[in-house]
Amino acid sequence: MAANYDGFLTTTFDNVVNWSRKFSLFQYPFVTACCGMEYMAAACSHYDISRFGAEIPRFSPRQSDVLWVVGTITHKMTPVLKTVYEQMAEPKWVIAFGACASSGGFYQNYSVLQGIDRLIPVDIYIAGCPPRPEAVLDGLMELQDRIQNDGPTVESKMINPQAIRHQEAKIENQANVSPNMGYDTPKGFQQKEALREE
Ligand code: SF4
């Protein structure tokens, strides 16, 4: 990050901005199911998520920069989740917390969204049903690394990997999600192919 010359430190503006971002994450907890217990455990004194500068949950998307999707997401909830994501200001990150948020978990049925990445872009997936708090902290540290190393830069939002990932996921999602929110339809697959050919 920087070179140290006799008490002087040199760095770039982007490095400093991303360093401050990664240690001042404001979470939006979108908690719907049993994974919420582990989310709370990670925040309590034994694991103490505040050591990582991410202890303050905000319940307004406009004041948050990390969306934690914790638990099962049904198709009925998808408009709400999408609205919350869209109301968050850039730069923003998304964590899929646990098997249900990442892939639908063992709920392979008509009512459950089979992974939130069908709806919104995801930066970090945390495995487990539920994930242990250690895994939660591991996911958080991985996100911090990404923010530091390929977070948004001052010059351009679009040349950094994080912005490109979000852009690609947005195109995928336009094709993947039907007006019924979340169902893969034959029409959706045709739209996806058309977008790929463009
Ligand atoms: S992953 Fe397991 S613990 Fe978490 S919400 Fe789904 S069923 Fe519950």
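Above this note sits the structure.
Notes on the structure follow.

What counts, and at which threshold
- Residues numbered from 1 in each chain as written.
- Predicted model: local features only at pLDDT ≥ 70, side-chain atom pairs only at ≥ 80, totals over all residues.
- Near = placed C-beta within 6 Å.
- Helix = DSSP H or I, 4+ residues; strand = E, 2+ residues; numbered from the N terminus.
- Nonpolar A, V, L, I, M, F, W, Y, C, P; charged D, E, K, R; others polar.
- Pairing = 2+ DSSP bridges.
- Axes fitted to C-alpha atoms, helices over the stretch in contact; angles between N-to-C directions.
- Contact = placed C-beta atoms within 7 Å.
- Buried ≥ 20, exposed ≤ 12 C-beta atoms within 10 Å, placed from the backbone.
- Arc of directions from axis to C-beta.
- Parallel < 35°, antiparallel > 145°, perpendicular 65-115°, else oblique.
- Left-handed = near helix turned anticlockwise from the far one by under 90°.
- Expected span 1.5 Å × (residues − 1).
- Core = buried A, V, L, I, M, F, W, Y, C linked by C-beta atoms within 7 Å.

1. So, the site of the ligand
Here is step 1 of the chain: Around the ligand, the neighbouring residues are Ala 33, Cys 34, Cys 35, Gly 71, Thr 72, Gly 98, Ala 99, Cys 100, Gly 105, Cys 129 and Pro 130.
Here is step 2 of the chain: In terms of residue count, the dominant contributor to the shell around the ligand is helix 4 (residues 98-103) (three residues).
Here is step 3 of the chain: Taken together, the residues of the shell around the ligand break down into seven nonpolar, four polar and no charged.

2. What to know about the sheet that holds strand 4 (residues 66-70)
Here is step 1 of the chain: Taken together, four strands build an open sheet; the order of strands is 3-4-5-6 and the sheet is parallel. In this open sheet, the two strands that pair with only one neighbour each are strand 3 (27-31) and strand 6 (124-126). Strand-to-strand, the axes of this sheet are offset by a mean angle of 15 degrees, without reference to chain direction.
Here is step 2 of the chain: Strand direction decides the pairing type here: strand 4 and strand 5 (residues 93-97), joined by five bridges, are parallel. Bridging across to strand 5, Val 69 finds its partner in Ala 96.
Here is step 3 of the chain: Across the sheet, helix 5 (residues 133-150) lies against strand 5 and strand 6, angled at about 170 degrees from strand 6, the strand it touches most.

3. Notes on helix 2 (residues 35-43)
Here is step 1 of the chain: Listing the buried residues of helix 2 in full gives Cys 35, Glu 38, Tyr 39, Ala 42 and Ala 43. End-on, the buried residues of helix 2 take up no more than an arc of 145 degrees, which puts them together on one face.
Here is step 2 of the chain: As for helix 2, its buried residues are in contact with strand 3, strand 4, strand 5, helix 4 and helix 5.

4. Details of the packing of helix 1 (residues 13-22) against helix 5
Here is step 1 of the chain: Direction vectors running N to C along helix 1 and helix 5 enclose 165 degrees, while the axes themselves pass 8 Å from each other. In terms of orientation, helix 1 and helix 5 fall into the roughly antiparallel class. Relative to helix 5, helix 1 is oriented so that their crossing is right-handed. On helix 5, the residues touching Asn 18, Trp 19, Arg 21 and Lys 22 of helix 1 are Gln 144, Ile 147 and Gln 148.
Here is step 2 of the chain: A breakdown of the residues in the contact of helix 1 with helix 5 according to their chemical character gives two nonpolar, three polar and two charged.

5. A look at helix 5
Here is step 1 of the chain: Spanning 18 residues, helix 5 covers 25 Å between terminal C-alpha atoms, matching the ideal 26 Å at 1.5 Å per step.
Here is step 2 of the chain: All of the buried residues in helix 5 are Val 136, Gly 139, Leu 140, Leu 143, Gln 144 and Ile 147. Axial view of helix 5: buried residues confined to an arc of 145 degrees, hence all on one face. In helix 5, the exposed positions angled more than 90 degrees off the buried face are occupied by Glu 134 and Asp 145.

6. Observations regarding the nonpolar core
Inside soluble globular proteins, nonpolar side chains tend to come together where they are buried.
Here is step 1 of the chain: Judged by nonpolar contacts, the single largest core of 37 residues is most densely connected at Trp 68, Val 69, Ile 95, Ala 96, Phe 97 and Ile 116.
Here is step 2 of the chain: Of all elements in the fold, only strand 3, helix 2, strand 4, strand 5, helix 4, strand 6 and helix 5 reach the threshold of two or more residues within this core.
Here is step 3 of the chain: Residues contacting Phe 97, with those up to four places away along its chain left out, are Cys 35, Tyr 39, Trp 68, Val 69, Val 70, Ile 126 and Pro 131.

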